[in-house]
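# Understanding the architecture of this molecule
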Amino acid sequence: MKRLLLSLMLAVAAAACSPSAPPPPRVAVWQGETSGLLFMRVIATDPLQDARLTTPEGRKILAQRVSLSEPAPTSGESWAGRPSVGVGGSAGSSGGFGTGIGLSFPLGGSGGGRAGAAGRATQVEFALDPALLRDYRARPGSWQLELNFGSRVDSLPAPPLP
């Protein structure tokens with residue numbers, strides 16, 4: 001039993017110290033005032049180098065413009081990866097009462113020291129002819145979006161137009 005408990009504790013410690021994968025990028029899409037322009041805002045922890053759309057038939061369309069990255073707006077501060085303190089209490093039916101204080105110190109994988117860990121917002125622009133734009137609007141889930149971050153390429157279904 002002691003060996004099992006020790007093995008479990010070592011496995012948890014090893015997993016906590018291993019680098020975590022970056023969170024998946026978030027993408028919003030809208031159509032421009034000019035016909036045929038499709039804009040996407042990509043929020044990711046790594047800087048975006050280029051992007052491409054793949055049609056259901058396999059045609060690849062490279063983004064004509066990728067703006068420079070800027071810090072993404074945050075709705076609140078994340079406490080992931082920081083030490084924390086907790087206070088708790090409990091009461092029993094027999095009148096007993098207990099309190100406790102807990103301290104938490106993360107072991108790794110938070111990316112807290114990484115620049116841009118909160119995310120970067122990058123605007124991407126695609127020029128599509130009217131027929132492709134109609135097809136994208138009709139079945140965006142059939143299209144693929146590839147985001148090239150340099151060290152990795154994320155592929156995900158293209159987001160629908162609002």
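Below, the structure is looked at part by part. Source: prediction; values computed, not measured.

Within the open sheet, the four strands sit side by side as S4-S3-S10-S11. Their pairing is antiparallel. Unpaired on one side and paired on the other, strand S4 (60-62) and strand S11 (153-157) mark the two borders of the sheet. Between one strand axis and the next, the sheet turns by 20° as a mean value, whatever way the strands run. Where strand S3 (residues 50-54) lies against S4, three bridges are found, and the strand directions are antiparallel. Each residue of the ladder has a partner; that of Thr54, found in S4, is Lys60.

Further remarks concern the packing of aromatic side chains. The description of two aromatic rings rests on the distance between their centres and on the angle between their planes. Enumeration according to the criterion identifies two aromatic pairs in this entry. Residues Trp30 and Phe39 carry aromatic rings whose centres are separated by 5.9 Å and whose planes lie at 20° to one another, so their mutual orientation is stacked. Look at Phe39 and you get buried, because its relative accessible area is 13%. Taking the centre distance of 5.2 Å and the plane angle of 75° together, the rings of Tyr136 and Trp143 count as edge-to-face.

Moving on to the nonpolar core. Core analysis: the biggest nonpolar cluster contains 23 residues, and Leu38, Met40, Leu53, Val124, Phe126, Tyr136 and Leu147 have the highest contact counts within it. With four residues, the single largest contributor to this core is strand S2 (residues 37-44). Ignoring sequence-local partners within four residues, the contact set of Met40 consists of Val27, Ala28, Val29, Trp30, Leu53, Thr122, Gln123, Val124, Phe126, Tyr136, Leu145 and Pro159.

Along the chain, Leu133 turns up in helix H2 (residues 130-138). Separated by 98 residues in the primary sequence, Leu133 and Ser35 have C-alpha atoms spaced 8.7 Å apart.

All right, on to the side chain of Thr55 then. Within the secondary structure, Thr55 sits in the loop between S3 and S4. With relative accessibility at 4%, the residue Thr55 sits in the buried group. With residues up to four places along the chain from it excluded, the contact list for Thr55 reads Ile61, Leu132 and Trp143.

Bringing the side chain of Asp135 into the picture now. Looking at the secondary structure, you find Asp135 in helix H2. At 2.6 Å, the side chain of Asp135 forms a polar contact with the side chain of Arg139. A polar side-chain atom of Asp135 sits 3.0 Å from a polar atom in the side chain of Trp143. Leaving out residues up to four positions away in the same chain, Asp135 has contacts with Pro56 and Trp143.

Rules used in this analysis
- Each chain carries its own residue numbering, running from 1 in the written order of its sequence.
- Restriction of local features to residues with pLDDT of at least 70 applies here, the model being predicted, together with a cutoff of 80 or more for giving and counting side-chain atom pairs; totals for whole chains, interfaces and linings are based on all residues.
- Processing note: side-chain calculations cover all non-hydrogen atoms of the structure and skip hydrogens and water entirely.
- Pairing between two strands requires that DSSP report at least two bridges joining them.
- Counting from the N terminus, the helices are DSSP H or I runs at least four residues long and the strands are E runs at least two residues long.
- Note on geometry: axes are C-alpha line fits, over the in-contact stretch for helices, and angles between N-to-C directions span 0 to 180 degrees.
- A pair of aromatic rings is counted whenever rings of Phe, Tyr or Trp (Trp by its six-membered ring) have centres within 6.5 Å, and the orientation is called stacked for planes under 30 degrees apart, edge-to-face for over 60 and tilted otherwise.
- Relative accessibility decides the category of a residue: with a 1.4 Å probe and only protein chains considered, values under 20% of the type maximum give buried, values over 50% give exposed, and everything between is partly exposed.
- Here the nonpolar core consists of buried residues drawn from Ala, Val, Leu, Ile, Met, Phe, Trp, Tyr and Cys, with membership extended through side-chain atoms lying within 4.5 Å.
- By the convention used here, residues are in contact when the closest approach between their heavy atoms is within 4.5 Å.
- As used in this structure description, the phrase polar contact means that two N or O atoms lie within 3.5 Å; if the pair is within protein, one of them must be able to donate a hydrogen and the other to accept it, and residues adjacent in sequence are counted only when both atoms belong to side chains.

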